[in-house]
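The residues making up each chain are set out below.
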Amino acid sequence: MSLFTEFMILLTVAGVIASAYVALQRLFWSPLSKFPGPTLAALTLWYEFYFDVVRGGMYIWEIKRLHDIYGPIVRISPYELHISDPDFYSEIYASNSRIRDKYSWKVKSGDSAQAMGFTVPRELHRERRQAVDRFFSIQSVAKLEDIIQEDIERLCARMEHYKQSGKVINLTDAFLALTMDIIQVYSFGESSNLVDLPNFSPEWRLTIMGIMSKTALINHCGWVAKIHLSAREKTVSRLTDEASILVMAASETTGRILAIIVFHLSRRRDILEKIREELRAVPSSTEKASSLHDLERLPYLSGAVKEGLRLHGGIVARSQRVCRNEALHYGGFTIPPGTPISTSSYFVHRNPKIFPKPSEFIPERWINHNETYSLDRYLVAFGRGTRNCVGRNLGKAELYLTVSKVIKRFDFEPFETTEDDVDIGRDWYVPQPLKSSEGVRAIVKESN
Ligand code: HEM
């Protein structure tokens, strides 16, 4: 036997022994071995890989199936637990006094690992977060309401052309263009004016190019360059990461939620008419567009916005939290510190005990809710705790201002668009419909 053959045999034997050790460790000696779940998921990350990478964002559906079999707490990988219990959400996504780190394995793959949303340790995240929080406060958003209104007005002008020509409009692209324009102006002082481009420039490639073209601006103008950070935190690559994530986080979520709301309202004319009635009663709505403050008080409009947020889900990805020092207790189990745990918003928003007929668009549920608890407690589209959405005030403002302005002026007749185009098909961090979807398309008409 040659030396090489002997070496290969030794290597194989060592490999088999090491694999057997890892398998035994994961199945029997790991602190997670007592948690329910499939053996294959406990043994290897290839289980998750198959559903999320090979089949493209489908692990969420497998996790749903596993909860049906194993109950509310499931070990979904060698290292991770998933909990489907709306009342445990705030324990995982806890606020200040309790340390919640992000899961380093999950964020290391992101190109933008230096961005706030991908920052693992709580302390560094806090430094980054404090630097931007005030730019997205209610007061800051209110000051910039006119900018948002101007962009919505430009979109309405485009819609007017679609109405006159009878051409089909792709509302998903239109609203993505709008939200992209707003966040660019808001953050950098100028935008790519995607709303004015033919077909609203649907190519993601163009979006990325838009982001890249803005990175140089960061050093010279806009709030990103002004933020209070230590020199270490002000490197160009760090701020570029932050800016890229910001633009994507702000546009993809808000744009798609707008398309979902407008689609459903086109099929719920009773609700549409009630919102129009509400809008007619808002004093400022005759001349200047209605202000955010007034709009948020309208029950049916709020119900529609909340249903859009609920059905979309915000970020359906399992955004894991790691309790650094604290053991959590759930259903008789003790979850050891250091374990990545998550609850996807999908499992809160689609819980039939809290939201009966969970897949249906029912704005009335937010008005007629007469339980002792507030339903808002279970609306987690913006996340919770120290790492909730920094742009939630801006996002909400865009939703209220856009829906109210657009539906006051236009009717939308869905064109070759069904529930499948708005419902969650897969989890690509943000929810996406199935690949076959061409977005929400409609014919624009004069409002009745
Ligand atoms: C209606 C629209 C929006 C929804 C539903 C939404 C949802 C979310 C959620 C659920 C998170 C938490 C992610 C996690 O746990 O890892 C988040 C984080 C974040 N969002 Fe939003 N978002 C929206 C709009 C915006 C806007 C307009 C901005 C722009 C300013 C923005 C910027 C961010 C950033 C930077 C983070 C990371 C925050 C951190 O880690 O501290 N989002 N968003």
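Residues numbered from 1 in each chain as written. Predicted model: local features only at pLDDT ≥ 70, side-chain atom pairs only at ≥ 80, totals over all residues. Heavy atoms only, no water.

Student: Would you mind showing me how to read the coordination of the iron atom of the ligand here?
Tutor: Under ideal tetrahedral coordination, the four donors around a metal are separated by 109.5 degrees; under ideal octahedral coordination, the six donors are separated by 90 or 180 degrees. Counting protein donors around the iron atom of the ligand gives one, Cys389 (SG), at 2.3 Å. Summarising the element assignment, Cys389 is placed in the loop between α17 (345-349) and α18 (392-409). (Donors = N, O, S within 2.8 Å, 3.2 Å for Na, K, Ca; no water. Helix = DSSP H or I, 4+ residues; strand = E, 2+ residues; numbered from the N terminus.)

Student: I would appreciate a short explanation of the UniProt feature "transmembrane region" (unreviewed entry) in the chain in the present structure.
Tutor: Feature annotation in UniProt places "transmembrane region" (unreviewed entry) on residues 6-24, given in this structure's numbering. Its end C-alpha atoms 27 Å apart, residues 6-24 is made of 100% helix and 0% strand. (UniProt positions renumbered as here; feature names shortened; annotations may be inferred.)

Student: Whenever I open this one, the site of the ligand confuses me. Can you help?
Tutor: Around the ligand, the structure places 30 residues, and the nearest of them are Lys102, His125, Arg129, Ser319 and Cys389. Measuring from an oxygen atom of the ligand, one finds a side-chain N or O atom of Lys102 at 2.5 Å. One of the side-chain N or O atoms of Arg129 is found 2.7 Å from an oxygen atom in the ligand. Among the secondary structure elements, those contributing two or more residues to the shell around the ligand are α7 (122-133), α13 (236-267) and α18. Of the residues forming the shell around the ligand, the biggest block, six residues, is contributed by α13. The residue makeup of the shell around the ligand, split by class, is 15 nonpolar, 10 polar and five charged. (Near = heavy atom within 4 Å. Polar contact = N/O pair within 3.5 Å; in protein donor to acceptor, adjacent residues only side chain to side chain. Nonpolar A, V, L, I, M, F, W, Y, C, P; charged D, E, K, R; others polar.)

Student: Please explain the environment of Ile257 as it appears in this structure.
Tutor: Positionally, Ile257 belongs in helix α13. Distance from Ile257 to Leu399, taken between C-alpha atoms, is 7.9 Å for residues 142 residues apart in sequence. Those residues within four positions of Ile257 in sequence are excluded, and the remaining contacts are Gly308, Leu309, His312 and Leu399. (Contact = heavy atoms within 4.5 Å.)

Student: How do you make sense of the sheet that holds strand β2 (residues 81-83) when you look at a structure like this?
Tutor: The strands that make up a sheet are held in pairs by hydrogen bonds between backbone atoms, and each pair lies either parallel or antiparallel. Pairing is mixed in the open sheet, where five strands are placed in the order β1-β2-β8-β5-β3. Here the strands that pair on one side only, and so sit at the sheet edges, are β1 (73-75) and β3 (100-102). Adjacent strand axes in the sheet meet at a mean angle of 35°, parallel and antiparallel pairs treated alike. Of the pairings in the sheet, the one linking strand β5 (residues 321-323) to strand β8 (residues 340-342) comprises two bridges and is antiparallel in character. Bridge pairing in β8 links Val322 to Pro340. (Pairing = 2+ DSSP bridges. Axes fitted to C-alpha atoms, helices over the stretch in contact; angles between N-to-C directions.)

Student: Would you mind going over the packing of aromatic side chains with me for this structure?
Tutor: Each aromatic ring pair is described using two quantities: the centre-to-centre distance and the angle formed by the ring planes. Taken as a whole and assessed by the stated rule, the structure comprises 17 aromatic pairs. An aromatic cluster of at least three residues, connected via ring pairs, comprises Tyr47, Tyr50, Phe51 and Tyr59. The ring of Phe355 carries Arg310 above its face, with NZ or CZ at 5.0 Å from the centroid. Positioned above the aromatic ring of Trp428, the side-chain terminus of Arg426 is 3.9 Å from the ring centre. (Phe/Tyr/Trp six-rings, centres within 6.5 Å; stacked < 30°, edge-to-face > 60°. Lys NZ or Arg CZ within 6 Å of the ring centre and 35° of its normal.)

Student: Any chance you could explain the UniProt feature "binding site: heme" (unreviewed entry) in the chain here in plain terms?
Tutor: Here, UniProt's "binding site: heme" (unreviewed entry) annotation points to Cys389. Setting aside anything within four residues of it in sequence, one finds Cys389 in contact with Arg129 and Phe382.

Student: What is the right way to look at the sheet that holds strand β12 (residues 441-446) in this model?
Tutor: A sheet is described by the order of its strands in space; here three strands give the open sequence β4-β12-β9, paired in antiparallel fashion. Each end of this open sheet is capped by a strand with a single partner; those strands are β4 (168-170) and β9 (410-414). On average, each strand axis in the sheet is inclined to that of its neighbour by 45°, with strand direction left out of account. In terms of strand pairing, β9 meets β12 through five bridges, oriented antiparallel. Bridging across to β12, Phe412 finds its partner in Val444. Packed on one face of the sheet, α18 meets β9 and β12 and runs near 85° to β9.

Student: I keep staring at the packing of helix α9 (residues 145-165) against α18 and nothing clicks. Help me out?
Tutor: Two numbers describe a pair of packed helices, the interaxial angle and the distance between the axes. At a minimum axis distance of 10 Å, the contact between α9 and α18 shows a crossing angle of 35°. Of the two elements, α9 crosses α18, and the hand of that crossing is right-handed. Packed against α9, whose contacting residues are Glu145, Ile148, Gln149, Ile152, Glu153, Cys156, Met159 and Glu160, the element α18 presents Leu394, Ala397, Glu398, Leu401, Thr402, Lys405, Val406 and Arg409 at the interface. (Left-handed = near helix turned anticlockwise from the far one by under 90°.)

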